[in-house]
Structure formats: structure tokens, C-alpha cells
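Residues per chain are reported as follows:
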Amino acid sequence: MDSSWNRGGKRMKRLKVLPLSLRGKKRYVKVVWRESYPQGFENNVFDCFKKLFGMVGLSLAKIKTVYKREKEIIFKCSYEYVPHLIIAIGAAGFGTKNFPKIRGVSGSIKKLKAK
């Protein structure tokens, strides 16, 4: 197959796929509670992260909520910002009776769900 395609009579080249070694690494962080987690906890984590590290830090960390259950949440973030996320989780849960516990950090969701 040719590496270019025809669109409207013009020849355009396809984009090359970025090798795995050059892509940004990600990690998953599992947070658990003894009781069910407080409503709006994810938003509190995002707000604390933004207050501590700024809007640029929040965008570079690429934090997302991947998995939610009654007593646990799994966050996805950039590899370099895992310690920052753990600090933000602690700051978001500070002063509450039901304090969150970091269960583990892993490179895959499958391994993290087993913990």
C-alpha cells in the first residue's frame, strides 16, 4: 500500500505513528475508603491540584478518573506527576472523618484492580 492517499485530486501523506519509547508514560493510582467515598471527591482533588501546582501543572499531569466504585476510585495521570497527585489526594481528604487511603500505583488497571 502506498503511504499517501488522494483527496480532492491532491496527494497527502499519512501521519507516522509515534513509537512507544517516545510516548508519555502514564500511571494509575487507586484510592480506597472504609466507608463510601464522599460525593464530589474527584472535583476536590482537581481543585486542590490546581491550587497547589497551578493550571499548567494540572494540564501537564493529565489527570482523569478512570474507574469508580462504592469505596474506591482509580485516577490516571502522567508518570512524572504521580507524587503531585498523591499530595493533592491527601489535601482533598484532609480534615474529613473518612480519610482516603492510597492502595497502590501501577502501570495497568488490571494489576491495580487485583490489589
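Counting from 1, residues in each chain are numbered in the order their sequence is written. Given that the model is predicted, a residue must reach a pLDDT of at least 70 before its local features are reported, and side-chain atom pairs must reach 80 or more before they are shown or counted; all residues, however, enter totals for whole chains, interfaces and linings. To get the side-chain values, take all heavy atoms of the structure and skip hydrogens and water.

A. Broad picture of the overall build of the protein. Looking only at helices and strands, the protein has 3 helices and 6 strands in total. Its helices and strands in sequence order give the protein the pattern β-β-β-α-β-β-α-β-α, from N to C terminus. Every radius of gyration here is taken over C-alpha atoms, with the globule rule written as 2.2 Å times N^0.38, N being the number of residues. For 115 residues, the compact-globule formula gives about 13 Å, and the C-alpha radius of gyration of the protein, at 19 Å, lies well above that figure. In terms of principal-axis extent, the alpha carbons of the protein reach across some 65 × 35 × 25 Å. For the exposure calls, accessible area comes from a 1.4 Å probe over protein chains only, and a residue counts as buried if that area is under 20% of its type's maximum, exposed if over 50%, partly exposed in between. Residues counted as buried form 31% of the 115 residues belonging to the protein. Note on definitions: a residue-residue contact is assigned when non-hydrogen atoms from the two residues lie within 4.5 Å. Sequence-distant contacts in the protein: of pairs separated by 6 or more residues, those separated by 24 or more amount to 65%. The Shrake-Rupley method, run with a 1.4 Å probe sphere, supplies the accessible areas, and residue values consider only the shown protein chains as cover. As displayed, the protein offers around 8,400 Å² of accessible surface, 55% of which is attributable to carbon and sulfur atoms. Seen as two clouds, the 27 positive and the 7 negative side-chain charges of the protein have centres 8 Å apart. Working definition: helices are DSSP H or I runs of at least four residues, strands are E runs of at least two. Numbering for both runs from the N terminus. Here the positive residues are Lys and Arg and the negative ones are Asp and Glu; neither His nor the chain ends is included. To locate a charge, take NZ of a lysine, CZ of an arginine, CG of an aspartate or CD of a glutamate.

B. Structural detail: helix α1 (residues 41-61). Multiplying 1.5 Å by the residue count of a helix minus one yields the expected span of that helix. Counted at 1.5 Å a residue, the expected span for α1 with its 21 residues is 30 Å, but the 18 Å between its end C-alpha atoms falls short. Looking at α1, one finds that the buried residues are Phe41, Glu42, Val45, Cys48, Phe49, Gly57, Leu58 and Ala61. Among the structural elements, β4 (64-68), β5 (72-78) and α2 (82-93) are those in contact with the buried residues of α1. Just downstream of α1 lies Lys62, where phi reads positive at about 55 degrees.

C. Up close: the pairing of β5. Counted residue by residue, β5 has 6 buried out of 7 residues, so it is predominantly covered. Relative to β5, β4 runs antiparallel, the two being bridged by 4 bridges. What sits directly across from Thr65, in β5, is Phe75. Strand pairing is assigned whenever DSSP detects at least two bridges linking the two strands.

D. Geometry of the packing of aromatic side chains. Side-chain rings of Phe, Tyr and Trp, where Trp is taken by its six-membered ring, are said to pair if the distance between their centres is within 6.5 Å; with planes under 30 degrees apart they count as stacked, over 60 as edge-to-face, and otherwise as tilted. One pass over the full model with this rule turns up 2 aromatic pairs. Here the aromatic rings of Phe49 and Phe53 are separated by 4.9 Å at their centres, their planes lie at 55 degrees, and the arrangement is tilted. Residue Phe49 and its partner Phe53 are located together in helix α1, separated by 4 residues, close to a single helical turn.

E. Structural context of α2. With 12 residues, α2 extends 17 Å from end C-alpha to end C-alpha; this agrees with the ideal 16 Å at 1.5 Å per step. For α2, the full list of buried residues reads Val82, Leu85, Ala88, Ile89, Ala92 and Gly93. Along α2, the residues classed as buried sweep out an arc of 125 degrees about the axis, all on the same side. Gly95, located one to two residues past α2, shows a positive phi value of around 85 degrees. Working note: the arc is built from the helix axis to C-beta atom directions.

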